[in-house]
Amino acid sequence: MKKQTKKEKPKSKKKALVRIDAASAPSVIDSVPAAAIVPAVESKTKPVKPERKLKATPPASKKEKTGKTDVKHLVCLLGDEQLVREYSTAFQEKGIAVQELKNLGSVKNSAKKITVAIELTIASTEQKRKNLQALDEALPANVPIVSNAVAETILSQSHHLKHLHRFVGIAAFPTLLANPLVELSPSLHTTKETADTVKALFESAKKETAMVQDSVGMVMPRILCQIINEALFTVQNDVASPKDIDEAMKHGTNYPHGPIAWGEQIGFSNVVAVLDALYLHYHEERYKVAPILRQLALAGIFWETKE
Amino acid sequence: MAISIGIVGAGTMGAGIAHIAALNKFNVSLYDINEEVIRRSVEKINYEMKRSVDKNKISDDDMKMALTRIKKRTNINDLDTCDLIIEAVLEDIKVKRDLFKKLDQIAHHTTILATNTSSLSVTSIASATKHPGRVVGMHFFNPVHQMKLVEIVKGTLTSDETIRSATAIAEQLGKKTIQVKDTPGFVVNRVARPFYGEALKILGENVTSLEEIDRIVKKSGGFKMGPFELMDMIGNDVNFSVTESIYEQTFHEPRFRPSQIQQQMVEAGLFGKKSKKGFYNYEEK
């Protein structure tokens, strides 16, 4: 089959010709539910004092600028260790203060200083539900709670909680934060204020955002996990060696990484979590997990793919 | 003595293979039924080599020497002295089988017969000959002089010696090789299926627009091109038929089910760049 050249760049002025009905960008509710309105946003006006768990201090505020980008954020991170590490580094590199939350009890102590909370657990687990509930109870109603929604929609994670308007989904998946774009998904309840605050936070961390509909796997993790799964079906069928498959995808079609080594970096159990969630959601055979991938997820090891 | 390579079919892939073979000091016999096709093919090789000279990738002498190594052939019997014959005609199993039957009769018994098929069964092509052991898949990627990979495809009856020789020659052509068992889509086209199929499914569910999917895949995933840009470049007709072929050959494996969106694109003639309209509009304004 024909493959792309390395140098080919899409024309900047091109317009989409084919469009499926309905809006491309998901809608967010324009008005804030009355109960959610909190008149004064404390954290926006009070300077944030560095505290014990604070990893970085924000840079000198840009007084000449106005608007949301002025907010001195304190971002609270919890959930999967690998992702907390990636997000913590990414924010701190851009001078945004971060609090890594090790236990749920401590959220109450800094509740008034936190401007955005990000729950990064991938798999839909009991712990994830506990985390979200604790955050929802402890944080003022105007503080957005961003939750990893690659393996469960944000609506499904939050529908039983109190302040539905402040939940936003994020496609947090290991290795992706090295790139300049973050995918977000509002639920049917998410307010524009919530979405805007979260967008502004990522923009101040020099990340573009893309708003997509609240759906399992969102865009990049869903496509990527399917590619990794097919690569492992190919191993399973003994078509080629794992190392050769990775080489082939890098040199035959310019993929940024070999899919198997990439899957290993992401964590095979995370890949399986997304695929299982897709399978559960769609009941479609296309999302069945390659048996060897499930074994790798359980064993947590792999062979000979190291680049 | 220099190894000689015969190439059957002077289309895009045949020309690309002739280009790199001549540059790497092989004697090339470029065959096509149509003399005009060969003439245009050699012109294209000339043009591409000139560009490499301009970029200082090869010298003017390299180019001149390479071009003298390409012999234009319109009589297939003239390929009888080739050490390796690579077939790059259209993707039609009957055409390929008939051709291999003929090549098997013409070629010396030590000659390796290779097919550049991207989606047909090497085993089936080989079975048209009396010596299936010498038939192998050598799957190059477009554009041949830029893409580093060749999939060396082992049919059911392909001999180990044939695999070794085909691999060695591909390496002398400056390519990385991987050995692949003869299965639908081999490795690259198979593992790449979800890149297109899942993106089309996401579009069909209105998760977001196709421009946004392309932006996300490039900027969140680090891919050089988004799936819709790439399908437009490959050609939706070609991309769809590869998916369909893999789907049929796997007895309707659900993971490879073709997309109705793309089928309609093909029916509407929205092939992509080559027809100026695909998922995006490429018409000059």
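Residues take numbers from 1 onward in each chain, read along the sequence in its written order. Chain labels run from A onward and ligand labels from 1 onward, assigned in the order the entries are written. Reporting of local features is limited, given that this is a predicted model, to residues whose pLDDT is at least 70; pairs of side-chain atoms are given and counted only at 80 or more, and all residues count toward the totals for whole chains, interfaces and linings. Heavy atoms throughout the structure, all of them, feed into the side-chain values; hydrogens and water do not.

### Overview of the sheet that holds strand 2 (residues 97–100) of chain A
Strands pair in a sheet through their backbones, by hydrogen bonds, and they do so in one of two ways: parallel or antiparallel. The condition that has to hold: The rule for pairing is simple: two strands pair if DSSP sees at least two bridges between them. Only DSSP runs of H or I covering at least 4 residues are called helices, and only runs of E covering at least 2 are called strands; the numbering of each starts at the N terminus. Whenever a helix is involved, its axis is fitted only over the stretch in contact; in every case the axis is a line through C-alpha atoms, and angles between N-to-C directions fall within 0 to 180 degrees. In what follows, residue pairs with any heavy atoms lying within 4.5 Å of each other are defined as contacts.
Taken together, the seven strands give an open sheet; going across it, the order is 2-1-3-4-5-6-7 (chain A), and neighbouring strands pair in mixed fashion. One side of each edge strand has no neighbouring strand; the edge strands of this open sheet are strand 2 and strand 7 (208–211) of chain A. Each neighbouring strand pair of the sheet contributes to a mean axis angle of 30°, computed without reference to strand direction. As judged from the three bridges shared by strand 5 (residues 167–170) of chain A and strand 6 (residues 181–186) of chain A, these two strands associate in the antiparallel manner. Paired with A:Gly169 across the two strands is A:Ser185, which belongs to strand 6 of chain A. Packed on one face of the sheet, helix 5 (residues 192–204) of chain A meets strand 1 (74–78), strand 3 (116–119), strand 4 (145–148), strand 5, strand 6 and strand 7 of chain A and runs near 150° to strand 7 of chain A. Against the sheet, helix 9 (residues 210–219) of chain B engages strand 6 and strand 7 of chain A, with an angle of about 140° to strand 7 of chain A.

### Section: the sheet that holds strand 4 (residues 84–87) of chain B
Residue and element names in this part refer to chain B. The strand order 3-2-1-4-5-6-7-8 describes an open sheet built from eight strands, whose pairing is mixed. The two strands at the open ends of the sheet, each matched to only one other strand, are strand 3 (70–73) and strand 8 (176–181). Each neighbouring strand pair of the sheet contributes to a mean axis angle of 25°, computed without reference to strand direction. Of the pairings in the sheet, the one linking strand 2 (residues 27–31) to strand 3 comprises four bridges and is parallel in character. If you follow Val28 over to strand 3, its bridge partner there is Ile70. Packing of helix 1 (residues 12–23) onto the sheet brings it into contact with strand 1 (4–8), strand 2, strand 3, strand 4 and strand 6 (135–140), and relative to strand 2 it is tilted by some 165°. Of the strands in this sheet, strand 1, strand 4, strand 5 (112–115), strand 6, strand 7 (149–154) and strand 8 are in contact with helix 6 (residues 160–172), which crosses strand 7 at around 170°.

### Notes on the nonpolar core
To be explicit about the condition: Here, nonpolar core refers to any group of buried Ala, Val, Leu, Ile, Met, Phe, Trp, Tyr and Cys residues whose side-chain atoms link them within 4.5 Å. Each residue is placed in one exposure class: buried if its accessible area under a 1.4 Å probe, protein chains only, is under 20% of its type's maximum, exposed if it is over 50%, and partly exposed if it falls in between. Start and end points for every domain follow an automatic or database-based domain assignment.
Core analysis: the biggest nonpolar cluster contains 126 residues, and A:Tyr87, A:Phe91, A:Ile118, A:Ile223, B:Val187 and B:Phe228 have the highest contact counts within it. Here the element with the most residues in this core is helix 6 (residues 220–236) of chain A; it accounts for ten residues. No fewer than three residues from each of domain 1 (4–181) and domain 2 (189–275) of chain B sit in this core. The residues touching A:Tyr87, leaving out its near neighbours within four places in the chain, are A:Leu77, A:Leu120, A:Ile170, A:Ala171, A:Ala172, A:Leu177 and A:Phe202. In this structure, B:Phe26, B:Leu30, B:Ile58 and B:Ile163 belong to the second largest nonpolar core, which totals 38 residues.

### Description of the confidence of the model for chain A
Which entries qualify depends on this criterion: Each residue carries a pLDDT score, the predictor's own confidence in it, on a scale running from 0 to 100.
Here chain A averages 82 in pLDDT, while 75% of its residues score no lower than 70. Confidence over residues 1–13 of chain A falls short of pLDDT 50; this stretch has 50 contacts with residues more than four positions distant or in other chains.

### Quick word on the pairing of strand 2 of chain B
Residues and elements named next belong to chain B. Worth spelling out the cut-off: A crossover gets the label right-handed when its path from the first strand over the helix to the second runs clockwise, viewed with the strands pointing away from the viewer.
Strand 2 sits mainly inside the fold: four of its five residues count as buried. The pairing of strand 1 with strand 2 spans five bridges and is parallel. Across the sheet, the residue bridging to Gly6 is Ser29, located in strand 2. Note that the unit made of strand 1, helix 1 and strand 2 has a crossover that is right-handed.

### So, the packing of helix 6 of chain A against helix 8 (residues 259–266) of chain A
Residue and element names in this part refer to chain A. The condition that has to hold: An angle below 35 degrees is treated as roughly parallel, one above 145 as roughly antiparallel, one from 65 to 115 as roughly perpendicular, and anything else as oblique. Working rule for handedness: look at the near helix, and if it is turned counterclockwise from the far one by less than a right angle, call the crossing left-handed; if clockwise, right-handed.
Two elements in contact, helix 6 and helix 8, have axes separated by 9 Å at closest approach and are oriented at 120°. When the axis of helix 6 is compared with that of helix 8, the two are oblique. Read as a crossing pair, helix 6 and helix 8 show a hand that is left-handed. Note on element contacts: helix 8 touches helix 6 through Pro259, Ile260, Trp262, Gly263 and Ile266, opposite Leu224, Ile227, Ile228, Ala231 and Val235.

### A look at empty space enclosed by the protein
The cut-off we apply is this: Here a cavity is any set of points on a 1 Å grid over the protein atoms alone where a 1.4 Å probe fits but cannot get out, and a pocket is any open set with protein on both sides within 12 Å along at least 5 of 7 lines; a residue lines the site when it has an atom within 4 Å of a point. Grid points are joined across faces, edges and corners, and a volume is the space filled by probe spheres set on the points. Residues are grouped as follows: nonpolar covers Ala, Val, Leu, Ile, Met, Phe, Trp, Tyr, Cys and Pro; charged covers Asp, Glu, Lys and Arg; every other residue, Gly included, is treated as polar.
Summed over all chains, the structure comprises five cavities of 30 Å³ or more. Put simply, the largest cavity is a space of about 80 Å³. Every residue lining the largest cavity is listed: A:Leu83, A:Glu86, A:Tyr87, A:Ala171, A:Ala172, A:Phe173, A:Leu176, A:Leu177, A:Leu181, A:Val182, A:Glu183 and B:Ser220. Listed by contribution, the elements that provide at least two residues to the lining of the largest cavity are helix 2 (81–93) and strand 6 of chain A. Taken together, the residues of the lining of the largest cavity break down into nine nonpolar, one polar and two charged.

### A closer look at the pattern of salt bridges
Residue and element names in this part refer to chain B. Convention followed: Here, a salt bridge means any side-chain nitrogen of Lys or Arg that lies within 4 Å of a carboxyl oxygen of Asp or Glu.
With the rule as written, the count across this model stands at 33 salt bridges over all chains. A salt bridge links Arg39 to Glu36, with the shortest nitrogen-to-oxygen separation between them at 2.8 Å. With Arg39 and Glu36 both in helix 2 (residues 35–54) and three residues apart, this pair spans about one turn of that helix. By relative accessible area, which is 38% here, Arg39 ends up partly exposed. Looking at Glu36, the relative accessible area reads 34%, which means it is partly exposed.

### Topic: helix 10 (residues 291–299) of chain A
All names here are of chain A. Applied cut-off: Taking the helix axis as origin, the arc is that swept by the directions to the C-beta atoms.
Turning to helix 10, its buried residues number three or more, namely Ile292, Leu293, Leu296 and Ala297. Across the axial projection of helix 10, the buried residues extend over an arc of 145°, all falling on one side. Pointing more than 90 degrees away from the buried face of helix 10 are the exposed residues Gln295, Leu298 and Ala299. Of the residues flanking the end of helix 10, it is Gly300, one or two places downstream, whose phi is positive at about 70°.

### Considering the interface of chain A and chain B
Which entries qualify depends on this criterion: Buried area is understood as the total, over both parts, of accessible area removed when two parts are fitted together, assessed with a 1.4 Å probe. By the criterion applied in these results, polar contacts are pairs of N or O atoms within 3.5 Å in which, for protein atoms, one can donate a hydrogen and the other can accept it, and in which residues neighboring in sequence qualify only through two side-chain atoms.
Counting residues at the interface gives 69 residues for chain A and 78 residues for chain B. Interface area for chain A against chain B, summed over the two sides, is near 6,700 Å², with a carbon-plus-sulfur share of 60%. At the surface where chain A touches chain B, the tally comes to ten salt bridges. Here B:Glu205 ties to A:Arg222 by a salt bridge, and the two come within 3.1 Å at their closest N and O atoms. Connecting chain A to chain B are 21 residue pairs in polar contact (both at pLDDT 80 or more). Those elements that place two or more of their residues in the side of chain A that touches chain B are strand 6, strand 7, helix 6, helix 7 (242–253) and helix 8 of chain A. Broken down by element, the residue count for the side of chain A that touches chain B peaks at nine residues, all from helix 6 of chain A. Of the residues contributing to the side of chain A that touches chain B, the split by class is 32 nonpolar, 14 polar and 23 charged.

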